[in-house]
Structures are given as C-alpha cells and as structure tokens.
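Here are the chains, one letter per residue:
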Amino acid sequence: MDREAATEQKTGDTIRPFKLAHQILSLTGISFERKSIIGFVELTVVPLKDSLRVLKLNAKQCRIYKVFLNDHYEAHFQYFDPFLDVCQFDNDTRNLGVYTFQHLFAALKTDPDNSAGELVVTIPHEASHLVAEGTALRVGIEFSLEQPQGGIHFVVPQREQKDQKELTPAEKERVHLFTYGHQNSSRLWFPCVDSFAETCTWKLEFTVDEEMTAVSNGDLIEVVYTPDMRRKTYHYTLNVPTCAPNISLAVGPFEIYVDPYMHEVTHFCLPGLLPLLKVTTRYMHEAFEFYEETLSNRYPYSCYKQVFVDESYEDFHSYATMSILSVNLLHSAVIIDQVYITRKSMAQAIAEQFFGCFISMQNWSDMWLNKGISQYLCGLYCKKSFGNNEYREMIHSMLQDVVKYEEEYGGIILDPSQPPTPPPEGSNMAQSSQNKHEEKFYFSIRNLHTMSPMYIEASYKKAMLVMRMLEHRIGQELLLQVFNKQLSLATNAASNKIGSGLWGHMLISTNVFTKAIFTVTGKDMAVFIDQWVRTGGHAKFHLTSVFNRKRNTIEVEIRQDATSQTGIRKYVGPLLVTLQELDGTFKHNLQIENTVVKSDITCHSKSRRNKKKKIPLCTGEEVDMDLSAMDDSPVLWIRLDPEMTLLRSVVIEQPDYQWQYQLRHERDVTAQIEAITALERYPTPPTRAALTHTIENEQCYYKVRCRAAHCLTKVANAMVASWAGPPAMLAIFRKFFGSFAAPHIIKQNNFQNFQHYHLQKTIPLAMAGVRNSHGICPPDVIRFLLDLFKYNDNGKNRFSDNYYRAALVEALGNTVTPVVSVVTQGTPITAENLSTETKLILEEITRLLNLEKALPCYKYTLSVECLKAIRKLQKFGHLPSRPLLFKSYSQYGHFIDVRLAALECLVDFVKADGKSEDLSYVLDLLENDPDPGLRHKLCQIIVKNPPFKRGFKSRLDNPALVERIWANINGGLSHDTRLRCDLVDLYYTLYGTKRPLCLPLTELAGLMNLTKPDIKKIKTAIPKLAHADNPNIKKETCIPKIKTEIKESTSSNVIIDNNMDVPMNVDVPVVTDQKLKEEPILDAQMSDIPVPKQEYYSDNSVSLPGMGQSGPIGFEPGMFQKETDATSTSSGKHKDKDKTDSSGVKMKKKKKDKKKHKHKHKHKHEHKHKEKKEKDPNKVKIKEESLLTSTIASIKEETLSSGSSTPSPNTASMGSGDIPMYP
Amino acid sequence: MDSQTSPYRKMVAMSVSSVLKEVGFDSSEREALGTLTEMMQAFLCEIGLLSKNYCELSGRSDPLIADVILGFVEMGFDFSSLEGYAKFGKHMVLPPLQSQQSQKQLSMLSAGAKQALPSYVPQHFPQFPDPHAYVRTPTHKQPIIDYESVREKAAVQKKDIEKALTKFLAKTSSTHNLFDTEEGNIFPLIAAKPSYPPYLSALLPQDQIFDPEDLDSDPKSLIIQQQKEHKEAQNAKEEQQQEEAMEEGEQNLNDSVKTDDSTQNNGFIDNPYLAATKMPAKDHIDVC
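Everything numeric in this text was worked out from a predicted model, so none of it was measured.

Calculation rules
- Residues numbered from 1 in each chain as written.
- Chains lettered and ligands numbered in written order.
- Predicted model: local features only at pLDDT ≥ 70, side-chain atom pairs only at ≥ 80, totals over all residues.
- Heavy atoms only, no water.
- Core = buried A, V, L, I, M, F, W, Y, C linked by side-chain atoms within 4.5 Å.
- Buried < 20%, exposed > 50% of the residue type's maximum accessible area, 1.4 Å probe, protein only.
- Helix = DSSP H or I, 4+ residues; strand = E, 2+ residues; numbered from the N terminus.
- Expected span 1.5 Å × (residues − 1).
- Contact = heavy atoms within 4.5 Å.
- Patch = residues over 30% accessible without salt bridge, like charges linked within 9 Å, V, L, I, M, F, W, Y side chains within 5 Å.
- Areas by Shrake-Rupley, 256 points an atom, 1.4 Å probe, with all protein chains shown as cover.
- Salt bridge = Lys/Arg side-chain N within 4 Å of Asp/Glu carboxyl O.
- Phe/Tyr/Trp six-rings, centres within 6.5 Å; stacked < 30°, edge-to-face > 60°.
- Buried area = accessible area lost by both parts, 1.4 Å probe.
- Polar contact = N/O pair within 3.5 Å; in protein donor to acceptor, adjacent residues only side chain to side chain.
- Pairing = 2+ DSSP bridges.
- Axes fitted to C-alpha atoms, helices over the stretch in contact; angles between N-to-C directions.

Asks: Which residues make up the nonpolar core, and what values do they have?
Replies: Ranked by internal contacts, the top residues of the largest apolar core, which has 336 residues, are A:Tyr291, A:Phe483 and A:Phe513. Judged by nonpolar contacts, the second largest core, of 11 residues, contains A:Ile615, A:Met625, A:Leu636 and A:Tyr661.

Laid out in structure tokens, this is it:
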C-alpha cells in the first residue's frame, strides 16, 4: 500500500472498491454434443469501503441467470458489451482513425483495471447491511454458455448430418475442450474480475463424463463419481493467490503420463500419442532444474501439468500450474527440426510459471516485465542446452525483428502507463515527441484489447531484449538476485491470508522492479527504464571511418541521421566501438551526445603486415591471415556495439575486404551474419572465396554457413557474366555429400552430424536460386536437384528425412522462372506443351504429393511444399492459375500446416488472379472456421500478402469488402480480441487510416441510402431488460438458432417468421426446410446489405423471476442518454426510415435484438430488417414457435419463449414486458 | 565327300584312288570308289584283326610279319605278288595325315574358356570340351557390385514402385486436374480428403519404418551412461591406486550414483491423476 502512496496513482490492484479473497468456479453441465456449459461461480469479495453499492465484474458471452449475495439475496444486474458495436455513434465514416478511438473507449468501458466491467451487479437495499469494510461478501452467479464463439474451444468433429445428436464412441475418443484467450479473456467462459492484478485463491470443480479427464489449475484433491455413476467431478484447489486470466481448463479423454523424473509433473495428450508424449517431454525436468538453480528458488507451485490439445489457439499458453500446448508440438525421436521449437516452447511455458503465473502484474502495462523475464530465463536455458551461438543468433534476429517492426509501424512503448520523466530542460519537447510516437499507430496502445497482435509480438521480443540489456547494465548475477527477491517476497505473500495485505507482493510492476534493482544493486535504473521502457523506438547508427596515415589514427564518424523517421529515436550515452587491428582487438567507448559524433581513434598497430605474425583475436586466439587484400590501414574490421547492449540498428561502411576479413576471422556469429549481409553488395571473386570458405568451414556455426550459402547464390547471380566453373556450391555439395565412389550420387542419408544435416537441406535450396545469364535456372542445377530426389536413400538413417525432402521440393519450386512462351497468349496450357524441365518438375511434385496420401510424412511437410511449388508454377505461367486445388486443401479437416500452406497459395492467387468469390471464400474461413488458431494465422497471411495495395485500383476493392471487414471489427468479432485486431491490421493494410477510396464520399451517402436502405437502418441499441415475472420461467433459455425469414415485397410488407428452436428436441424437418428457404434470400441480400446489425447491449441481462422489480435496472450512467440521442439524430437524418421514432418502438426492437445478438455470428444477416418490421406493426405477422426443452442433465426445465421479441404494445413500457408462458 | 567321314577312311579312299590312277583310270564314279574303299577298308580291318589274333595266340602283344602272313593265309589270300607290287611299282606317295582341321564348335553353346591340351597329348587330338561339361556349370551371371550401379538400380526400383503405387491410387480414387482440359491428364493429383482427426496421421508418419530402438533412442542418456561407466571405471582405478587415502571421496561418489538410481526405481508414484475415483458419499448432494 505504501508503494501506491508514493506513486499516488491508481494501479490495477487498487482501483476497484473491493478485493477478491476467494473464488469458486464450478462447471457442471459440460456437453460436447451441444457445446454448452452450465456453471456457477462464487466470488468472495471484501469491500474496501462501506458505501459499495455496485460491483462491476467481467463476463462476456455468458448467459447469466441469477446473481445472489450470501446465498439468499438476489441482486439486480445488468450486462452490456460495447465490443458488439464499437462505433455505435458513427455508421458511415469507415475511418480507422475514428474506429481506434471508439475501440479504446469500448475497451476501457469493460476494463477491470479501469474499474469497469460488462456485468454490473447492484447490491439491493435489503442486502446493503452485508456490505461493510473488511467483511467478506459472497457473490454467487449462475450462468451458462451455449456454443461459445471464443474463450473456450470444443474440439468436436464436424457433423455431416445435423440431426445426429450423440457422439459415436470413436468420436468420443477425440473430442475435447480447452480454454484459451487473448491476454485477459477468462471472462469469456466464466464471470470473474478479469484483471491480472486481482488475485485470489480458488476452488475449482468440473463435472465431466466418466471417460473424460478435467485438467485445471492447482492441486487435484479428489475425483468423485456423481450419484448416477456416469460422471465424475474433479475437485481442484489453488491456494496460491492467482488472477482470473491464469485460470484454465482442459477436458478430454486424455492419456495420462506422469513424468518419471518429477512425479509432481503430469503430461496429458490425446489417445494414441503417448509414445510421442514420452519422447517429447523427456528432458522437460531439466528446465525445471535449471530454473530452480538459476533463480535459487523452488518452483512456486506444488504441481505442474502439460496438456497437448488439438486446434490450439497458440503454440503454448501458460496458466497457473498448467500449460496448454498444441498437439503439433509432439514429435518422435526420429524428428530433428521440431525438437528445438518444442523444447523452447515448453521451457518458455515453465519460465512463465514463475513470472507470469505465480508473479502477476499490477497493470497490464507491466506485462513486459513478466514476458521479458520469462523469456530471458528461457533464453538462458536455451543458451545452456542449445549453445551460445544459437543464443546470440536468436538475440540478433529478435533485435532485427524489433527494428523492422518499429521502422515500419512506429516505436514500441513497453510500458505506456506512465510517461517518461521529462528531462530537466526542454521538457515540452520531450513530451511532444512522446505524444508524437503514440499517435503514429493505427491502433491504441492504451489497452491490451486494442493492440495489434503484431505489435504485441514485437513488444515481447523487445521486452526480452530490454531485460538482456539490463543484464549488461547490472550483471547477470545481480539481475538474478532481483528476480530471486521478487520470488521470495511473493512466496512469502502466497503463504499468507488475504488479511495480511501481502498479496500485493505477488504483483510486479515497472516501479516495483526498478526499486528492487535499486535495493539489490544500489544502482538507480530510472533513466534506463525511461529511455527504453517508457519511450518507444530504437537508435540507428551510421558509421563511416577514414584512416589517417600520418597520425596513425582512424577517424570514426557516427551519425544518427534518421531520428525523425518512424520508430527511430536519438540515443545519448556510451557506445562501444571495437576495432580489430593487426595487433589485436581494441575496444573504445565513445560518448554519443549528438546526432553526429566524430572521434579520432589512435591505432595501436604500427601497421607492418609484412612481418609474418599471427594476429590475436578478441577471443585470445592467434590466427594467420592473408593480408594481401588490405591497404595501408592496420584496421581489419570495425564493429559497433558488438554485444547488442542497445536497441539499435547499425549501418557500418567499410570496404569489402574488411567485411571479408570479418566473415573469415571474427569469431562472433552476429558479426559473421552481419558480414554476410553486407557482402551481398560486393559480388567479387574474393567475396566468393570468403563465402565458400565459410560454407566449408567445419568450425563455423551452421546457421552462418547456411546464410553464407544463400548469400553466395546472390553473389553468383550478380556475377553471372564472369562466373567460371560449375554452378555455385555444386562442388561443395559433392564434396560433403557425394558418395566416395561416384561423387555425382549422393551418399545414403545419415543425419548424425547436425551441421551437415542443415547444410544438406540448405545448399540445394540456395542452388535453386542460381540463375544464368538468361535469367533462368541452369539445367545443370535442375538435373542436380532431380538426381537428389532420385538417389535419396534414407534406409540406413536413424532420423526422418521429411524436412530434407521438403527442402528439396521447395528448391525445385525455386528453380521455376517465368515462362518464356512462344505460344501466343490465350491458348490454353496443356500437359503436352509444357517444357521438358517443367514436366520433370511436375512429375516429381505430383508423385510426392500423391504418395503423401498413402504414406504421409511427419506433419505433411512434403504436401506443404508441393502446394507451394504448384502455386509457383501457376504464378509463372507454367500451369493454368486455378484456385480449386488450394481450396480443397484449405478445408477444415486437413492438417493445419497443409491448410495454412494452401491458404497462403490461395491468398497469393487472390492477389494475382482472384475474383471476389475467391476472396470471399478466404474471408468466410476467416470468419467461420472452427479452428481459432487458423483464423489468426490466415489473417496474418493476408496482411502479409494483401489482395491489393493501398491506393492501387483493384477489382477486389469494392464497398462490399470494406463493409465486410468493418462489420467484423465493429462487432462481429467481439469474442476474439486477437482476430479483431488482426482484421484491424488488415483494414489498415488495405485502406490506411482514412476512409476507403472505394466508398462514396460521406456527402453522397444520403443518395446511397435510397438504393441501399438497410445500411442506414443500423441503429444503436438501448439497454433493455427482458423481464420475466413468471416464477415458472427460471431463465431465458439460450436459443441456438433463430431463423428469421424475411420476405420483402415492394409495399414493404414484412412477414417475419420467427422461429426459435433448441437442438435437443428440435423439429428437424422444419429447421432444414426453413434454412433452405431462407438462405437464398439472405444471400441475395448479402451483397448489397453487408452490415450486420450490432447491438450495444445484449440479451443476457435477465432479471430474476419473482423479484417483482419493475423499471430499468442499472444502466451504465449516461449511456442511455447518449444512445437515445444518437439514435434519434441518426434516424432523423434518414428521413425515409424510422419515422416511428418513439422510444417505445425502439424498446421493442431492443427486445428482439437482444434475443438475437447471440447468434449473429452464425446468421449475421438476419438482423437487417428489424427496424423495418416495426415500422408498420399492422403488417407484421409473426409466427412463433416455442419449444419446451430440457437439458440433458435435466437440471431445470427451461421454457422457451419468443414472447419478448414480439413487438406487442405492452412491451413499450420498458422492463414490464410480460412473457407468455408455455409450459 | 562328307566332311563327317573319318580321316582314316579318307586316307583309305585316297589310297584306293591312287591305285586306280596307277592302274590307268582317269576317273571313277563315286559309287564305285565308295564300294572299293569299303572293300579296301573291310579287307584291311580283317587282316588287321586276324594278325592281332594270331599274335595274341602266340602270347605277344605286337603282331609280327609272320602273324600277318598267317592272317593272309587264313583269309585265303595270295600275297606273293604283294612284295613285287610294293617294291617295283611306282607309287604315289600320299600326303601325311593332316593335323586335324579343328572343327569349330558352335559358339552358341560354348561356356567358359576351353582348356588347352596338355603337352603329352598330340596336337591333332580333339580339344577338351567346354569346362562346364566336366568342371561345373554356372547357372547365373555374377552380380555387378560396383557402387554406382547398385545405387542407380535401387533408385530406379524405388521410383518405379512409387510410381506404380501412386498411379494405382490415382486411378482408383477421384483426382484433381491441374489443367483445364480433361483429356490427357498425365499429372493427376489424388483429391485431398480430410481425415479425422487430422493431427494423428501427421504426427505418426508412415513414410518410413524405423527400428523401435531408433524411435526410442535417447542419445543423451546414452552419453550419460557412457560417462558414468567411464567414471566408474576411473573410480575403480583410483580405488585400486589409493585405496586407503581416498576413502571419503569414494563414499560421496557412490552416494550420488545411488541417489540417481533410486529416482528411477521407485515403483510407487504419488500422483493424484493416478488415484482411484471415489464413490459418491451417501449424504453428499452435488451442486448443480
């Protein structure tokens, strides 16, 4: 508490007027058939003030039935979700600038760290005596989820016949579910305080079918059969205070494998994969040991669980005491490439147990600490197990990724919650520059739910780099001590009760961390934090040097010219320059104060290279060098900030021979990589020699060798005229891999040598890029590649060659160049008129692709590359460009890698030759695919390779597309933040932040309305409570399907067939019949009415029967007023519609809409005519069908009624609508 | 003359002809000459046979002139003019018996190199038959075992198998055509069919078959094992060398080895997921 007093700022853990002490989560009715869950939560809340009247909780897409306090006071509640219609006051700007603002506004409206929430519980007067400071208040909530769109994923097979209700036994072996979410999204599956800062202890209970296992957080206390002996209840308790976002659940028929080294660790996988699980988790205990040793702290929890699930949202996600990982991380012992990815993922997940799960954060903006620390620890582990070179290369590529992102989009601010302390002078300037940085993004970085996933990904990398920079500043040992201190404090706090007030120690924040560093080391890192954490951007240095022979000095000039460019800022401080001279390596610390810094560095060596002397390197080795290429300068090469202690990009100008020396003799892999990158610009024979030397050098790190091979391709292509001898690298490859007796035949595969394995994969790939003077791939190379296929023999190998063969296919694809067609354009391409080489390539590809149908290889790597190669052949005119193949491979049910490859091809096709229906096929998948992970990756693919460039005319660029994407970001994807923000990325890529050019100007929009009346009909919603006053109706049933059939006649007579049915006892013929009737009509309308109607408030705010309350309950203050205004103004504007602007009509609409919003993802278009039918109630005929339903567990009888959606006059008075009872 | 006739008979025929020429014939009919030759041969054989018999009768192995005379007598042949004929007639000298013109064996049947005649066998004797006739008969060609062709062959074979399989599969299932025209689909692609669950076939590949030990191999534990063995061996050595001095150190090392083993061999695992499911309590009411 004193901490907050010092900062005088409300943080995530203090902003709420109450604290959470304990929470019970009990899910009972988990149905895979219906994809539904019935549950109950009880939050034990300790009010911090006596006047607490309103509790704001988070809950999304849950249907709340009942809220009661201390078991017997029912509380009124209200539920709203602004993400259902982000830009509610603004229906036609389609401007991302406006959207960004509204998006942030919506996010803040429900942000628990803003003391807000979707679910507002009002404490009734009669229960007000329960509220007293420091006295626990129990808030129980009954809720259910039906067909959740996000947050929890049911992996069930897609049914061919919809009427099949029961899962077959074979299917039961595969079905499972798991929770997922983007950052803090637990609210999607249970009501909670969805903040990283609100920790409490947990009791978790899950009742599942007998053959299922429920894996969740904390200790499994017991498993008890239900009285009918058909189901089991798993009881978990989690005594370590944990925040809701770290709660998770996985249910499935898992195979259980207890780690043989650590019995506290349990692994779970789907049936049939146990052998892989054993291999995959073989060394996991080492990560535990490493972390415990490094942090000199015990693992904070008593157990750990790993669950491998299908269709995962991301590769891995760590939750308290458990992590949910993708099933595709599993591998057998014969696989090489996957091992590294998997081990790193598992190690990272474990590191996040310490920092991320056990230690949570005070604000979401402190996430960089947990991400940075856990990645840093994971990095140390990788360094230990994979080697220093791997580690340095990883850091280097991370740095480059961050630099690339920042230069493209803007500087990443790790902790935007607090501006950097302005320097004493020129504070205004600093402030404005900081503001400037923030404004640059097309999304708001002020909330987790508005940030672009690309930004988040880059910021994680940056967090890791900043943590590593800290390591350089204060030393690894001290940094680890800081971590240790955090953990020790947290461990101590965790063992205490909430009353101790120590739980705050379990939260980390930038300020706490800075102070901890100061306590441990005595160093004040505030400036560092301001510079790198609270300010975005990186430094960019440009170094030139001239040797002054007379004075034997080297004149170095370091410039920071680009400080005004995106993502780049000025750096002031020390900078290390390393000179490799003839007499050794010398370090010079330069002070950077200005944009241009000049410095004369005296050379140590009295440049005499004729003396045959060995040259000492920075590692202490002494080597012989051929110095003939040098001129009179004694400097062999120059490096800037060699240890990557800054976030920077560096451009060094030095002559090519210096780069060559650097490549050949510098021992640091990052220097070698930089040299290779630089040498691309110098296609000369010495460069060729240096690169060849590197590829052949067995002492060299394999990734450097692989990069050298790719660079040699470029060099060879640049010097094609003067290239002598066989194609580049052919000799090297034969030397390494040619068999002894016949060098042109490759040896039988033996991947025991790891370096050679990678070279064997990379060299053919690099060679495939070689082009002769005609710009085509030399026939020698193609023959060489085909021979590699022919003679490939893996019979004696102990490892699988699937990645190698995939690399060969990729290489084959890379040899393809645009067709030189003698045939006139327009003649169809047939198999006969292919060139011989294309025929050979195609034959190889088709054979391999066909073979995979019968004998699939690991992860279908071959199919993936074959599809890409076919797309290349299409793209370059060798094959007719057709999307059909890719469409069939992109369907649900194929392996995800294959699907993604097919989608990549498809997106590429759409860009080149696609028609609107192809694009719409892709967007359909994006919106409706069952696999949430795929949707995200697909969107990333589209963003990377957009169908058209901003500002360029394209036939795909039409208003319907704008509306479609807009509809999604505006409300269609309220349940999946990541995908919504992905689509914002896409929208930005296609249209920028301005109004899309293909849309008519706003002034003309009125004209448009005449032709497209329905676009303007979208109205904002007004909160409305469906009020049930019949005691028999316990709750409004969730209706999975609402069919609205609209027949529009010219006289605007509307017949609405409002049919609600529930799958349990649904009348099947009716449903299908209706669907058939309905779909063509709606499809036809889709094209000109692309905007689904979105409501602000949902139908879930159902009050309790028997409470007898009348009138509205608890609006968001001011919300109602605003909305009414907005509605009336907008409706007034469109004078031809909505003449009946009375609030009563709107109430009616609202009721109807509420019912439907839930299902709009399925039937987005069904809301379109809502208003229309209200216009003339006399002409509206409404058929109602209600069905009595009962849940499988027959817990409650649920009465269905469409009464609340009937626009009967008495619903005009808000909140008093009576629902006819259908027993 | 038939080439098949024996050289002896040829010689007899030649001598008959020379006698005929001596007598004054210029030519003779083939049949007549044949008859004369036959008679001559029969006569010579008869006389030879009788001479041999008489010589054997006298207990000798080689006939003498007396035996021949007795033979003539036995045959009733007056040989008194023979001496005069031999001494005074001017006779043609027949060429010596020509070394057998080697009759070429038909090459189609030859197998292996024929063995040359040993030195003690006159050159006109027939050659040895083919070695397979009396040594052995190779029933197959020696395999070609040079690396290149072996690899070539294996590669071709593998490709053929794969081709045949994919062709078969493509013929028996629905296919996808990369081209617009239907005819001449020489590159049919088997249509993709979703499998359920998709991950299973991807994670349990079937393209290669590995030894179970490869699938279960654990290179790291092997290395550790080796190191341990190495260490133990060293320890043993040390033990021998400094048995008394290093007693304490030994103790520690042994301990560490023991603890390593104990983690592995612990039979009972205390893990809640392995525990049995409890029966519902009678009075326990489930929370819905």
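Asks: So, helix H17 (residues 702–718) of chain A: which residues are in play, and what are the values?
Replies: Owing to its 3.6 residues per turn, the α-helix brings residues three or four apart onto one side. Residues and elements named next belong to chain A. Over its 17 residues, H17 extends 24 Å from the first C-alpha to the last, a length consistent with the 24 Å expected when each residue adds 1.5 Å. Here H17 has its buried residues at Tyr702, Val704, Arg705, Cys706, Ala708, Ala709, Cys711, Leu712, Thr713, Val715 and Ala716. Those residues of H17 that are buried are in contact with helix H8 (388–409), helix H15 (669–679), helix H16 (685–696), helix H18 (730–737) and helix H19 (754–768).

Asks: Hey, could you go over a nonpolar patch on the surface for me, with residue numbers and the actual values?
Replies: Residue and element names in this part refer to chain B. A cluster of nonpolar residues, Val19, Val23, Phe25, Leu82 and Tyr85, forms a patch on the protein surface that exposes about 460 Å² of accessible area. By secondary structure assignment, the location of Tyr85 is in helix H4 (residues 80–88). Accessibility expressed as a relative area gives 39% for Tyr85, which makes it partly exposed.

Asks: Run through the packing of aromatic side chains, naming residues and quoting values.
Replies: Residues and elements named next belong to chain A. Within the structure shown, the criterion is met by 52 aromatic pairs over all chains. Summarising the aromatic geometry, the rings of Tyr657 and Tyr661 are spaced 6.5 Å apart at their centres and angled 80 degrees between planes, so their arrangement reads as edge-to-face. You can see Tyr657 and its partner Tyr661 sitting in helix H14 (residues 656–665), 4 residues apart, about one turn around the helix. Tyr657 sits in the buried class, given a relative accessible area of 13%. Centre to centre, the rings of Tyr860 and Phe895 are 6.1 Å apart; their planes meet at 40 degrees, and the pair counts as tilted.

Asks: Describe the interface of chain B and chain A, naming the residues involved and giving the relevant values.
Replies: Across the boundary between the two partners, chain B contributes 68 residues, which contact 100 residues of chain A. Each partner contributes to the roughly 7,200 Å² buried at the junction of chain B and chain A, and carbon and sulfur atoms together form 62% of this total. When the buried area of chain B at its contact with chain A is split by residue, B:Tyr199, B:Leu203 and B:Tyr273 rank highest and sum to 11% of it. Its salt-bridge partner being A:Arg847, residue B:Glu162 comes within 2.2 Å of it at the nearest N-O pair. At the junction of chain B and chain A, the tally comes to 24 residue pairs in polar contact (both at pLDDT 80 or more). Elements with a minimum of two residues in the side of chain B that touches chain A: helix H6 (147–172), strand S2 (189–190), helix H7 (198–203), helix H8 (212–215), helix H9 (219–241) and helix H10 (247–265) of chain B. Per-element accounting of the side of chain B that touches chain A gives the leading share, 13 residues, to H6(B).

Asks: Explain the sheet that holds strand S20 (residues 322–326) of chain A to me, using residue names and the numbers behind them.
Replies: Residues and elements named next belong to chain A. Taken in spatial order, the 5 strands make up an open sheet running S16-S17-S18-S20-S19, and their pairing is mixed. Both edges of this open sheet fall to strand S16 (255–258) and strand S19 (316–319), since each of them pairs with a single strand only. The average angle at which neighbouring strand axes cross in this sheet is 15 degrees, direction not considered. Sheet strands in contact with helix H6 (residues 337–354) are strand S18 (304–309), S19 and S20, and its direction is about 20 degrees off that of S19.

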